[in-house]
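Structural characterization, general
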Amino acid sequence: MTPITRALTPFDGQKPGTSGLRKKTRVFMQKGYLEAFVQSIFNAIEGVAGKTFVVGGDGRFFNAEAIQTILRMAAAQGAARCIVGQNGLLSTPAASNLIRQRKANGGLILSASHNPGGIDADFGLKYNISNGGPAPEGVTAAMFEQTKTVSEYTTLDSADLDLSALGEVALGDMTVEIVDPVTDYAALMKELFDFKAISDLIAGGFTLRFDAMHAVTGPYATAILEGMLGAPKGTVMNGTPSVDFGKGHPDPNPIWAKPLVDLVMSDDGPDFAAASDGDGDRNMILGKGVYVTPSDSLAVLAANAHLAPGYKRDLAGVARSMPTSRAADRVAEKLGIASFETPTGWKFFGNLLDAGKATLCGEESAGTGSDHVREKDGLWAVLLWLNILAERKVSVKDILNDHWQTYGRDYYSRHDYEAVDAAAAEAMMADMNARLGDLPGTEVGDPPKTIAAADQFSYTDPVDGSVSNNQGLRLLFADDSRAVIRLSGTGTEGATVRVYLERYEPANGDLEGETQAALSDLAKAVNALTGLSERTGRDAPDVMT
Ligand code: G16
């Protein structure tokens with residue numbers, strides 16, 4: 001098969017965001033668009049000749065076609081092997097695991113994560129490096145540079161491969177190895193967790209539900225929870241992946257997974273419930289009558305991880321993204337281990353994990369993970385919670401109350417204003433940045449709150465010294481409450497303004513409050529300061545997590 005080189009005109013705006021390139025599906029489907037980005041990735045990594053890649057995605061609309069394009073281009077440009085999930089499916093954490101297990105040079109993961117799928121919804125592609133983690137900023141910047149000048153791509157003129165049969169097939173001189181997407185991942189989970197203890201818990205009458213939201217974790221959760229751990233059939237809801245996620249929004253939060261939340265809040269709801277997102281890296285944790293914020297979940301997991309076999313070792317440290325609440329820092333302090341504060345984006349944890357500085361990482365955006373892979377991992381979080389519950393033999397609510405009584409409670413919520421006018425959002429951020437120096441000492445809101453400090457978060461990576469500026473505006477108030485404002489890097493329409501609110505209540509304070517009520521003065525102060533409502537034309541957030 002002779003490689004063919006075709007001319008290309010570069011596309012504007014192929015700049016990877018928080019997690020790869022995410023655009024409307026129809027944008028990705030334009031002639032040459034995907035090819036231009038894939039060629040730019042290949043150019044940025046200095047070619048693919050002789051290399052091995054993992055390729056897979058969350059099964060959304062255009063996943064199947066895009067994989068065929070990537071395989072043809074990799075084969076035409078001399079890649080040795082591509083390891084592909086059966087039918088093109090791989091969850092993001094499973095892809096990260098495969099890259100590591102098989103010592104691949106990298107991976108191409110097709111997903112727009114929690115964004116909806118379909119021809120009129122969203123698509124995405126991200127590149128992961130040989131440690132299994134998302135490409136760091138230096139690599140994504142090199143890709144973006146390539147997208148500006150890419151003028152041709154090389155491919156094969158070949159028929160689509162059948163990706164449904166396990167085994168090896170040749171594509172030109174490249175081997176395509178089609179693997180079961182679940183097997184290696186499930187084996188890793190079995191190493192980390194006490195499956196016998198979890199099975200016994202379930203056999204003893206503990207009830208649970210897992211909402212796969214019609215996305216990629218369906219097969220993983222069914223195999224592990226129902227197959228290996230003996231949970232009754234039907235424990236996994238919406239377990240068959242579909243190209244448009246059942247026309248839903250595969251984002252595991254109280255808004256988009258409302259039926260699950262309603263179930264667990266009802267009198268006859270299960271003891272435990274969880275959900276994951278489009279590509280299986282996010283998680284939401286619930287217990288009978290209680291929602292666990294992702295920030296609290298990270299803190300609880302850090303405090304209890306030693307109860308699971310894979311973490312019966314000293315934790316090296318805990319890392320969280322800057323907008324995530326400081327609850328995990330309190331646990332790290334008590335354990336006498338390091339805590340790290342990174343910018344939003346899992347890619348910033350990679351160096352800390354590789355250098356053995358952090359063992360557990362987490363983000364307010366429903367992501368938790370550890371050094372077992374280099375991505376956040378939804379089912380991993382669910383299994384760690386189940387392992388902890390199996391050992392402690394108390395309810396989720398009791399674990400949470402006990403945690404707050406030990407460390408105090410960080411009331412926390414994120415308010416999202418989605419698809420707002422991008423120019424208005426950018427102007428608001430620019431105005432705030434210009435005023436930063438004047439803010440300390442200012443009183444805002446009603447009742448008035450005094451701003452103690454204000455800055456734009458800058459991060460210097462403690463491993464390689466790289467610096468990332470402008471990672472979110474931070475407002476620290478005199479009463480130690482905190483607000484962070486930033487624009488999302490994963491949206492595909494207009495701008496999404498994220499306002500992160502938190503207020504600490506010590507262990508002897510009121511730990512039983514309602515979250516939004518506990519944060520309403522802070523939310524009002526941010527609104528008064530930024531003019532958010534007038535500027536965005538919204539009187540309330542679209543999503544509160
Ligand atoms: C991605 C990143 C996360 C980040 C999240 C939200 O998650 O991997 O690190 O926290 O986006 O980012 P933003 O606030 O910029 O929208 P995912 O699950 O979408 O890949």
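Residues numbered from 1 in each chain as written. Predicted model: local features only at pLDDT ≥ 70, side-chain atom pairs only at ≥ 80, totals over all residues. Heavy atoms only, no water.

**Notes on the overall build of the chain**
Counting secondary structure elements, the chain contains 17 helices and 27 strands. Against the globule reference of 24 Å for 545 residues, the chain gives a C-alpha radius of gyration of 23 Å, in line with a compact fold. Over its C-alpha atoms, taken along the principal directions, the chain stretches across nearly 70 × 60 × 40 Å. Within the chain, buried positions represent 59% of all 545 residues. For the chain, contacts bridging at least 24 residues in sequence account for 72% of all contacts bridging at least 6. Of the accessible surface of the chain, which amounts to about 19900 Å², a share of 49% is contributed by carbon and sulfur atoms. A gap of 2 Å separates the mean positions of the 49 positive and 70 negative side-chain charges of the chain. (Helix = DSSP H or I, 4+ residues; strand = E, 2+ residues; numbered from the N terminus. Rg over C-alpha atoms; globule rule 2.2 N^0.38 Å. Buried < 20%, exposed > 50% of the residue type's maximum accessible area, 1.4 Å probe, protein only. Contact = heavy atoms within 4.5 Å. Areas by Shrake-Rupley, 256 points an atom, 1.4 Å probe, with all protein chains shown as cover. Lys, Arg positive; Asp, Glu negative; His and termini not counted. Charge placed at Lys NZ, Arg CZ, Asp CG, Glu CD.)

**Let's talk about the site of the ligand**
Near the ligand, the surroundings consist of 20 residues, among which Glu-363, Arg-486, Ser-488, Thr-490 and Arg-498 are the closest. The separation between an oxygen atom of the ligand and a polar side-chain atom of Arg-282 is 2.7 Å. Separating an oxygen atom of the ligand from a side-chain N or O atom of Ser-488 is a distance of 2.6 Å. For the ligand, the accessible surface in isolation is 460 Å², of which the surrounding protein chains cover 99%. (Near = heavy atom within 4 Å. Polar contact = N/O pair within 3.5 Å; in protein donor to acceptor, adjacent residues only side chain to side chain.)

**Digging into the sheet that holds strand E19 (residues 409-420)**
Pairing within the open sheet is antiparallel, and its seven strands lie in the order E20-E21-E24-E25-E26-E19-E27. Of all strands in the sheet, those bounded by a partner on one side alone are strand E20 (443-444) and strand E27 (543-544). Where E19 meets E27, two bridges bridge the pair, whose relative direction is antiparallel. Bridging from a neighbouring strand, Asp-416 pairs with Val-543 of E27. In this fold helix H16 (residues 515-530) packs onto E19, E20, strand E21 (449-456), strand E24 (473-477), strand E25 (482-487), strand E26 (495-505) and E27, with an angle of close to 50° to the strand it touches most, E19. (Pairing = 2+ DSSP bridges. Axes fitted to C-alpha atoms, helices over the stretch in contact; angles between N-to-C directions.)

**Considerations on the nonpolar core**
Residues Met-189, Phe-193, Phe-272, Trp-380, Trp-385 and Leu-386 are the most contacted members of the largest nonpolar core, which totals 76 residues. Top element by residues in this core is helix H13 (residues 378-392). It accounts for eleven residues. Not counting residues within four places of it along the chain, the set of residues in contact with Leu-386 comprises Ile-198, Leu-201, Phe-206, Leu-208, Leu-225 and Phe-272. If you look at the next biggest cluster of nonpolar residues, it comprises 43 residues, including Leu-8, Leu-125, Met-143 and Met-174. (Core = buried A, V, L, I, M, F, W, Y, C linked by side-chain atoms within 4.5 Å.)

**Description of the packing of aromatic side chains**
For any pair of aromatic rings, geometry is given as the distance between the ring centres together with the angle between the planes. All chains considered together, the criterion is met by eleven aromatic pairs. Between Phe-42 and Phe-53, the ring centres sit 6.3 Å apart and the planes meet at 25°, which makes this aromatic pair stacked. In this pair, Phe-42 sits in helix H2 (residues 33-44) while Phe-53 sits in strand E3 (residues 52-57), placing the two residues eleven residues apart along the sequence. Taking the centre distance of 5.2 Å and the plane angle of 65° together, the rings of Phe-62 and Phe-123 count as edge-to-face. (Phe/Tyr/Trp six-rings, centres within 6.5 Å; stacked < 30°, edge-to-face > 60°.)

**Remarks on the UniProt feature "domain: Alpha-D-phosphohexomutase alpha/beta/alpha" (unreviewed entry) in the chain**
Within the UniProt annotation, "domain: Alpha-D-phosphohexomutase alpha/beta/alpha" (unreviewed entry) is assigned to residues 14-153, 184-286 and 295-407. Secondary structure content for residues 184-286 is 37% helix and 15% strand, while the C-alpha to C-alpha distance between its ends is 27 Å. Its end C-alpha atoms 13 Å apart, residues 295-407 is made of 45% helix and 16% strand. (UniProt positions renumbered as here; feature names shortened; annotations may be inferred.)

**Looking at the sheet that holds strand E13 (residues 283-287)**
Judged by pairing direction, the sheet is mixed, and its five strands sit side by side in the order E11-E10-E12-E13-E14 without closing on themselves. Taken across any chain shown, the strands that pair with only one partner, and hence form the sheet edges, are strand E11 (236-237) and strand E14 (290-292). In this sheet, strand E12 (residues 272-276) lies alongside strand E10 (residues 208-211) in parallel orientation, the contact comprising four bridges. Bridge assignment links Leu-208 to a residue of E12, and that residue is Phe-272. Contacts between H13 and the sheet are confined to E10, E12, E13 and E14, with E12 contributing the most and set at about 165° to the helix.

**Some details on the pairing of E21**
Regular strands place side chains that alternate from one sheet face to the opposite one. Alignment of E20 against E21, held across two bridges, turns out to be antiparallel. Counted as the bridge partner of Val-444 is Lys-449 from E21. Here E20 hands over to E21 after four residues, with Gly-445 in that stretch at a positive phi of 85°. For E21 and E24, the ladder comprises five bridges, and the chain directions are antiparallel.

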